[in-house]
Amino acid sequence: DVNAIAEEAAQDLFSQFGAITPASGVYGTVFRREAISALLEVFSDMFSAEEAQKGRSLLMGKEGEAIASDLIDIVDDPMLESGLIRRAFDDEGVPTQRTGVVEKGVLVSLLHNIKTAKIAGCETTGNAGKPSVAGSVGVSPCNFHIVPGEYTLDELFKKLRNGVFIVEVNGLHAGCNPVSGAYSALARGFMIKDGKKAEPIEQITVSGNFLDLLKNVTAVGDDLKFDLNAMNVSAPSMLVSSVTVAGK
């Protein structure tokens, strides 16, 4: 819907006129789906068994442990109807499957290919991936996402009451460490006052640890959507109880 896309883009642009920089502090925060999806994409390698077995993931050996809020379910589903990419077989010819990675905050499984599964003594999850025909086999997610909840954006604002609404994060690849989980990103958005969007904000930085962010989720939105920004990874908007914001 070209008209709807253009209208949304125009509203997003004009709404930033007159933006302020809020005081530094720890704020209750609603992340719009585009912002939280960008974070999830950067840290998706954390859920790869290959990265874990190479000592490059905090989740090595943590299957069965709570790593997020009990509101968080993370799934890899190569045949998801709403996904932009679907595949019936992975790059080792193994039939793909829906894999529950995190269920009610508990890490259930990492993503495996045949090699990593053999090392771990389990079955492959059908997530073998190759960057090219001549490339080596690694682990690749497909339609990796946080399962949507029941709240609209407006309802998330009402639950937050007062805080910030982050609509976009930038500089993630320079400001994130997928091994430690630390992130620091330039951001823009809006203040939330009395449960409603207020003045726009800019020139701020949000920072913390991605696993801590997942643990502090108190409500999950219903607006999951895969788009061209992160075709293989997505998340709905969500309310996080505390996020460090550096402003003025």
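Structural data are supplied above this passage.
A. Inspection of the overall build of the protein at higher detail. Helices and strands together make up the secondary structure of the protein, namely seven helices and 14 strands. Computed over its C-alpha atoms, the radius of gyration of the protein comes to 19 Å, within 12% of the 18 Å expected for a compact globule of 248 residues. The C-alpha extent of the protein, read off along each of the three principal axes, is 55 × 40 × 30 Å. When burial is assessed residue by residue, the protein has 48% of its 248 residues classed as buried. Long-range contacts, defined as pairs at least 24 residues apart, comprise 72% of the intrachain contacts of the protein with a sequence gap of at least 6. Surface summary for the protein: the accessible area is close to 11,900 Å², and the carbon and sulfur share equals 52%. Between the mean site of the 22 positive side-chain charges and the mean site of the 32 negative ones, the protein shows a separation of 3 Å.

B. View of helix H1 (residues 2-14). Taking 1.5 Å of rise per residue, the 13 residues of H1 would be expected to cover 18 Å, and the 18 Å separating its terminal C-alpha atoms lies within 8% of that figure. You can read the cap of H1 off the contacts: a side-chain oxygen lies 3.3 Å from the backbone nitrogen of Asn-3, and it is on Asp-1.

C. Spotlight on a negative patch on the surface. On the surface, Glu-150, Asp-154, Glu-155 and Asp-222 cluster together into a patch of negative charge. On the accessibility criterion, Glu-155 (35% relative accessible area) is partly exposed.

D. Region of the structure containing the side chain of Asn-113. Here Asn-113 lies in the loop between strand E4 (106-107) and helix H4 (114-120). Using a relative accessible area of 2% as the deciding quantity, one classes Asn-113 as buried. Within the local environment of Asn-113, its side chain forms a polar contact with the backbone nitrogen of Lys-115, the two atoms lying 3.1 Å apart. A distance of 3.0 Å separates the side chain of Asn-113 from the backbone oxygen of Gly-138, its partner in a polar contact. Each residue touching Asn-113, except ones within four places of it in the same chain, is listed here: Glu-92, Thr-124, Ala-128, Val-137, Gly-138 and Val-139.

Conventions used here
- Residues numbered from 1 in each chain as written.
- Predicted model: local features only at pLDDT ≥ 70, side-chain atom pairs only at ≥ 80, totals over all residues.
- Heavy atoms only, no water.
- Helix = DSSP H or I, 4+ residues; strand = E, 2+ residues; numbered from the N terminus.
- Rg over C-alpha atoms; globule rule 2.2 N^0.38 Å.
- Buried < 20%, exposed > 50% of the residue type's maximum accessible area, 1.4 Å probe, protein only.
- Contact = heavy atoms within 4.5 Å.
- Areas by Shrake-Rupley, 256 points an atom, 1.4 Å probe, with all protein chains shown as cover.
- Lys, Arg positive; Asp, Glu negative; His and termini not counted.
- Charge placed at Lys NZ, Arg CZ, Asp CG, Glu CD.
- Expected span 1.5 Å × (residues − 1).
- Polar contact = N/O pair within 3.5 Å; in protein donor to acceptor, adjacent residues only side chain to side chain.
- Patch = residues over 30% accessible without salt bridge, like charges linked within 9 Å, V, L, I, M, F, W, Y side chains within 5 Å.
- Salt bridge = Lys/Arg side-chain N within 4 Å of Asp/Glu carboxyl O.

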